[in-house]
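# Structural characterization, general
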Amino acid sequence: QVERMDLRIGFVGCGFNTKFHLKALVNVRHCSVVGFVSRSAESVQECINLTKELMLGSPIRFDSVEAMASSSDVDAIWINSPNDHRVQCVKDIISGNATRKTKLKGIACEKPLARNVKEAEEILQLVQTASIRTGYLENQL
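Conventions used here
Residues numbered from 1 in each chain as written. Predicted model: local features only at pLDDT ≥ 70, side-chain atom pairs only at ≥ 80, totals over all residues. Heavy atoms only, no water. Helix = DSSP H or I, 4+ residues; strand = E, 2+ residues; numbered from the N terminus. Expected span 1.5 Å × (residues − 1). Contact = heavy atoms within 4.5 Å. Pairing = 2+ DSSP bridges. Right-handed = clockwise from strand over helix to strand, strands pointing away. Axes fitted to C-alpha atoms, helices over the stretch in contact; angles between N-to-C directions. Parallel < 35°, antiparallel > 145°, perpendicular 65-115°, else oblique. Nonpolar A, V, L, I, M, F, W, Y, C, P; charged D, E, K, R; others polar.

## Focus: helix α2 (residues 41-53)
End to end, α2 covers 18 Å across 13 residues, agreeing with the expected 18 Å (1.5 Å per residue, within 8%). In this structure, the buried residues of α2 make contact with α1 (16-25), β2 (31-37) and β3 (60-61). Two residues or fewer past α2, Met55 is found with a positive phi of approximately 60°.

Right, here's the structure in full:
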């Protein structure tokens, strides 16, 4: 018998998009939410409360993106932070991931990926160099 392993997700950003994703995750098998990073402690607490209400896990607040990415309790990170923070966010994820024994399984980024093509290309180069799998969270094509 194969042991089932949940994908343990950490979120960067705790605004509307994150709350939308939390509600959608109720319908996704084999995942749990383990943590949040946000500039607003109040927003983090709202997301922690919603996660518990939806029975998606018992997440904690991480002090930084790098701390979340370095945690062995996190398998994947969803980037829902404001667009102007995304390049630095990816750099912080890569920095934290570099300290791990078992690397992150992936990064998923809410649309848009970046503010412009230059930033999008930089993010692509960063994740390719770090060999981290990526996903793009888009609801319209």
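## A word on the pairing of strand β6 (residues 134-137)
Here strand β5 (residues 106-110) pairs with β6 via four bridges, running parallel. Each bridged residue has a counterpart across the sheet, and for Cys109 the counterpart in β6 is Tyr136. Chirality of the crossover, the property in question, places the unit of β5, helix α5 (residues 117-130) and β6 among those that are right-handed.

## Brief notes about the side chain of Ser71
Counting through the fold element by element, Ser71 comes out in the loop between α3 (65-70) and β4 (76-79). If sequence neighbours within four positions are ignored, Ser71 has contacts with Phe62 and Arg100.

## Re the packing of α1 against α2
Two elements in contact, α1 and α2, have axes separated by 10 Å at closest approach and are oriented at 10°. Between α1 and α2, the angle is such that the two are roughly parallel. The residues of α2 that touch α1, namely those facing Thr18, Lys19, Leu22 and Lys23, are Glu46, Cys47, Leu50 and Thr51. Split into classes, the residues belonging to the contact of α1 with α2 amount to three nonpolar, two polar and three charged.

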